[in-house]
Amino acid sequence: MIPKSEIRNPKSEFPNNMAKIIGTGSVIPELVVTNEAFADKVFYDKNGAKLERQGAEAAAKLESITGIRERRYVPFDQDSRPLMTHAARIAINDAGLDPESIDGIIVAHNAGNMLIGEREFHTVPNMAAYLKNELAIGNHRCFAYDVLFACPGWIQGVIQAHQAIAAGDADNILVVGIEIASRLLDPHDLDSMILADGCGAAVLGRSDNGAGVLSHATFSHAQKDIANIYLGKSNNPALGGNCWFKMNGKEVYRYATTWVPKVVCDALKRAGVAPEDVDLFLFHQANEKLVQAIASHLADSWELDADFFAGKLPMTIQFLGNTSVATIPTMLDLIRKEDLDGYSIESGQTAVFASVGAGMHCNALVHRF
Ligand SMILES: CC(C)(COP(=O)(O)OP(=O)(O)OC[C@H]1O[C@@H](n2cnc3c(N)ncnc32)[C@H](O)[C@@H]1OP(=O)(O)O)[C@@H](O)C(=O)NCCC(=O)NCCS
């Protein structure tokens, strides 16, 4: 781990024509799915054997090991576009812009446009093209592309928006994270109770006051860790399909507690920002205990008390579940709108965003508001 002394003195590596978040938006899907909703589910292990603990008992176990009480799903009679367009419009309005002044659209997702009434999805045309169409943006110079990078996709989109703005290629870029994971979930897999649906968005604009993206870091481990999360067959041999979400939870937990602290430290070092100067840590929400474990690893490496994170580590996992790439932008929007447990972010304050997911990939970004 990087010694604390090194964090204080390094010169900042980044140009000062920066990008900053000037607007956010999110939509919490309407269907509330409590743990009771799994009471009639029949769970199998990965070898197709029926598990001893079933239904409500299994859901109670899930709550005890992850903190998840409920999650949200998009109604089955909707595809991904209404959620995406609504969150994007809120972010553009919040930035005080009109759609025509958007120079670029980046949409991060894992399964394209989830089809109405089906468990199938289309990735052509791409989601950003759909969004540009829905926003009726006529300016052909407004690029519209997608990012496939699992849960860390939205942060990676913000990094790319920062780079495009810093390079002078754009002034305002919309970055959206959308996930309708509910239709990828194997009803016979315990992990089907973890993931959920959501969408969050942000507009990045050119910064002229030193506020904005101070630094970022991205790691990809695609050797032995590539098998940790994938799409595959159902645990119930009788159920068809080969596109169900599958995860080796323990290995993901081990990867996340090892590498997320490292990528956060790398980004802080690059920004020349000390942990004590960070006001909020927005970490990917996959499991309440996992977020706390990452925080305590960091506190140890910084030789700080565990309560260092008190009041700095907002959570949404308990009532939104793991919404994958939508998690961080949704949490940020709730905080900016002071709609999450009394958290807020003021001008001049600094936040660290960090995420981890299939690949395995993890990334972190330091942003001064
Ligand atoms: C998935 C996860 C919650 C499983 O917890 P775990 O403590 O590693 O689980 P284990 O496999 O050791 O099982 C512990 C107990 O929990 C139960 N369990 C495991 N996963 C469960 C689930 N999803 N729902 C309900 N019970 C579960 C097991 O049956 C076992 O019960 P037992 O103690 O009676 O035998 C945990 O590994 C995790 O959060 N991993 C990270 C996931 C993640 O980060 N995903 C993000 C990338 S998208």
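Before any of the text, the structure's been laid out above.
Residue numbers run consecutively from 1 along every chain, following the written order of its sequence. Where local features are concerned, this predicted model is filtered to residues with pLDDT of at least 70; where side-chain atom pairs are given and counted, the filter is 80 or more; whole-chain, interface and lining totals use all residues. Excluding hydrogens and water, the side-chain figures rest on all heavy atoms present in the structure.

### Remarks on the packing of aromatic side chains
Thinking step 1. Within 6.5 Å between ring centres, the rings of Phe, Tyr and Trp (the latter by its six-membered ring) count as paired, and their orientation is classed by plane angle as stacked under 30 degrees, edge-to-face over 60, tilted in between. One pass over the full model with this rule turns up 10 aromatic pairs.
Thinking step 2. Look at Phe281 and Trp302: their rings are 6.2 Å apart centre to centre, the planes differ by 35°, and that puts the pair in the tilted class. Note that Phe281 is positioned in strand β13 (residues 280-283) and Trp302 in the loop between α7 (288-301) and α8 (317-320), a separation of 21 residues in sequence.
Thinking step 3. A residue is classified by how much of its surface remains accessible, and Phe281, at 0% relative accessible area, is buried.
Thinking step 4. Each ring, one from Phe281 and one from Phe308, has its centre 6.1 Å from the other, and the planes form 65°; the classification is edge-to-face. In this pair, Phe281 sits in strand β13 while Phe308 sits in the loop between α7 and α8, placing the two residues 27 residues apart along the sequence. Note on accessibility: Phe281 and Phe308 belong to one class, buried.
Thinking step 5. Joined through ring pairs, the aromatic side chains of Phe281, Phe283, Trp302, Phe308 and Phe309 make up one cluster.
Thinking step 6. Counting as a charge over the ring demands two things of the Lys NZ or Arg CZ atom: a distance within 6 Å of the ring centre and an angle within 35 degrees of the ring normal. Of note, Arg81 hangs over the ring of Tyr130, and the distance from its end group to the ring centre comes to 4.5 Å. Numbering of helices and strands runs from the N terminus, with a helix taken as a DSSP run of H or I at least four residues long and a strand as a DSSP run of E at least two residues long. Buried means the residue's accessible area, taken with a 1.4 Å probe over protein chains only, is under 20% of the maximum for its type, while exposed means over 50%, and partly exposed covers the values in between.

### Considerations on the nonpolar core
Thinking step 1. Formed by 85 residues in total, the largest nonpolar core has its most connected members in Ile105, Leu174, Val264 and Trp302.
Thinking step 2. Here the limits of each domain have been adopted from an automatic or database domain assignment. Taken domain by domain, the makeup of this core includes at least three residues from each of domain 1 (4-8 + 212-368) and domain 2 (19-206).
Thinking step 3. Nonpolar cores are built from buried Ala, Val, Leu, Ile, Met, Phe, Trp, Tyr and Cys residues. Side-chain atoms within 4.5 Å join them into one set. Leu204, Val213, Leu280 and Leu365 belong to the second-largest nonpolar core, a separate cluster that totals 34 residues.

### Notes on helix α6 (residues 249-271)
Thinking step 1. Its 23 residues give α6 an end-to-end C-alpha distance of 32 Å, which sits within 8% of 33 Å, the value for a rise of 1.5 Å per residue.
Thinking step 2. Two axes enter the definition of the bend at a residue: one is fitted to the seven residues ending there, the other to the seven starting there, and the bend is the angle between them. Largest kink in α6: about 25°, centred on Ala256.
Thinking step 3. One or two steps after α6, the chain reaches Gly272, where phi turns positive at roughly 70°. In this scheme, a helix's expected span is set at 1.5 Å multiplied by one less than its residue total.

### Quick word on the site of the ligand
Thinking step 1. It suffices for a single heavy atom of a residue to lie within 4 Å of a molecule or strand for the residue to be listed as near it. In the vicinity of the ligand lie 21 residues, with Arg53, Asp191, Gly249, Lys250 and Asn287 positioned nearest.
Thinking step 2. Within the side chain of Asp191, one N or O atom sits 2.8 Å away from a nitrogen atom of the ligand.
Thinking step 3. Interatomic distance of 3.0 Å between a backbone N/O atom of Gly249 and a nitrogen atom of the ligand.
Thinking step 4. Each accessible area is a Shrake-Rupley result for a 1.4 Å probe, and residues are judged covered by the shown protein chains and nothing else. Protein contact buries 74% of the 910 Å² of open area that the ligand shows by itself.
Thinking step 5. Where the shell around the ligand is concerned, the elements lending two or more residues are α2 (55-66) and α6.
Thinking step 6. With five residues, α2 is the single largest residue contributor to the shell around the ligand.
Thinking step 7. The classification used treats Ala, Val, Leu, Ile, Met, Phe, Trp, Tyr, Cys and Pro as nonpolar, Asp, Glu, Lys and Arg as charged, and all other residues, Gly among them, as polar. Across the shell around the ligand, the residue classes break down as 13 nonpolar, four polar and four charged.
Thinking step 8. Both domains that furnish three or more residues to the shell around the ligand are identified here as domain 1 (4-8 + 212-368) and domain 2 (19-206). N or O atoms closer than or at 3.5 Å make up a polar contact, with two conditions inside protein: a donor-capable atom paired with an acceptor-capable one, and, for residues adjacent in sequence, both atoms drawn from side chains.

### Comments concerning the sheet that holds strand β10 (residues 212-220)
Thinking step 1. Judged by pairing direction, the sheet is mixed, and its four strands sit side by side in the order β10-β15-β14-β13 without closing on themselves. The outermost strands of the open sheet, each flanked by one partner alone, are β10 and β13. If you compare each strand with its neighbour and ignore which way they point, the axes differ by 10° on average.
Thinking step 2. Strands are labelled as partners when DSSP assigns at least two bridges between them. In the sheet, β10 pairs with strand β15 (residues 361-368) via eight bridges, with the strands oriented antiparallel. Looking at β15, one finds that Phe219 is bridged to Cys362.
Thinking step 3. Each of β10, β14 (350-357) and β15 is contacted by helix α5 (residues 153-166), which is oriented at about 125° to β10, the strand it contacts most.
Thinking step 4. Each of β10, β13, β14 and β15 touches α6; the most contacted strand, β10, lies at about 145° to it. A fitted line through C-alpha atoms serves as each axis, taken over the contacting stretch for helices, and the angle formed by two N-to-C directions is quoted from 0 to 180°. By definition in these notes, contact holds between two residues if any of their heavy atoms fall within 4.5 Å.

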